[in-house]
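# Chain and residue survey
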Amino acid sequence: MDFPIRIQSADFSVEEEIAKMKAVSKRIGGIVTFLGTARDFSNGHAVFKLTFEHYAAMAEQTMVRIREKALEKFDILAVTLLHRVGVIGIGENIVLIVVGATHRQDAFTACAWCIDELKKTVPIWKREETPEGKIWVTERP
Amino acid sequence: MTIRFFAHLKDLAGVESVSLPLERDCPLLQLISQLEETIPSLKGFTVGRGIQIAVNQVFIDKTAIIHPGDEIAFLPPFSGG
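Before going into details, it helps to say that this report is about the structure given with it.

### Observations concerning helix α2 (residues 56-73) of chain A
One turn of the α-helix equals 3.6 residues, which is why residues spaced by three or four share an orientation. Counted at 1.5 Å a residue, the expected span for α2(A) with its 18 residues is 26 Å, and the 26 Å between its end C-alpha atoms agrees. When α2(A) is considered as a whole, its buried residues turn out to be Met58(A), Ala59(A), Glu60(A), Thr62(A), Met63(A), Ile66(A), Arg67(A) and Ala70(A). Looking at the buried side of α2(A), the elements it contacts are β1 (5-8), β5 (49-54), β6 (78-84), α3 (104-121) and β9 (124-130) of chain A together with β4 (52-55) of chain B.

So, in structure tokens, the structure goes:
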């Protein structure tokens, strides 16, 4: 399978990522996904499109560490973390977390933990194009 | 030694990165003063306001010593996800 940590400009397929995870282990009994998408409204203003930039080496290292920690901390079997960068249109995919576990509760808990950690610790920044101009979102939503 | 900027700091600096000549080890705060003299538009924006600083992709605090060849990055609060 592809390396389960990826930062890319291209879109991704949730179905394909789930299929890849199913191929990892026959012990997986539940897969939980979080898919973040681009919305057209934020902090009281319209949003026309988003641009994400990242500090490549550090962002990838941090995502690798999130995956490793999740695999240690929770009773789960597989984790995939993907994030897109570059220009993203409204409604498009931004981020995907996929967690596979023997049982659902561990997968739910780990998936929520992974997206929270990603938002807090991965050096990625979002710029919104709004009627007032282009605005960097440099506070945690 | 290279200094990198991201998000609004890159817009303020007007460049993605800058190289400052550094012949010997230097305290981070001294380097910041030198940076703000080189790029005055960054004055007051490189410390506080949730800005974190990384050296060679590792977070450091204000007491850090910078070495020639280091990569310094000024990181505004993250907004991925």
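### Observations regarding the interface of chain A and chain B
Listed as interface residues are 23 residues of chain A and, on the opposing side, 13 residues of chain B. Taken together, the residues that form the side of chain A that touches chain B break down as 14 nonpolar, 4 polar and 5 charged.

### A short note on the sheet that holds β9(A)
Residues and elements named next belong to chain A. The strand order β7-β5-β9-β10 describes an open sheet built from 4 strands, whose pairing is antiparallel. A strand with exactly one partner marks an edge of an open sheet, and here the two such strands are β7 (86-89) and β10 (133-137). Here the strands of the sheet are splayed against their neighbours by 25 degrees on average, with no regard to which way each runs.

Here is what the cut-offs are and how they apply
Residues numbered from 1 in each chain as written. Chains lettered and ligands numbered in written order. Predicted model: local features only at pLDDT ≥ 70, side-chain atom pairs only at ≥ 80, totals over all residues. Helix = DSSP H or I, 4+ residues; strand = E, 2+ residues; numbered from the N terminus. Expected span 1.5 Å × (residues − 1). Buried ≥ 20, exposed ≤ 12 C-beta atoms within 10 Å, placed from the backbone. Contact = placed C-beta atoms within 7 Å. Nonpolar A, V, L, I, M, F, W, Y, C, P; charged D, E, K, R; others polar. Pairing = 2+ DSSP bridges. Axes fitted to C-alpha atoms, helices over the stretch in contact; angles between N-to-C directions.

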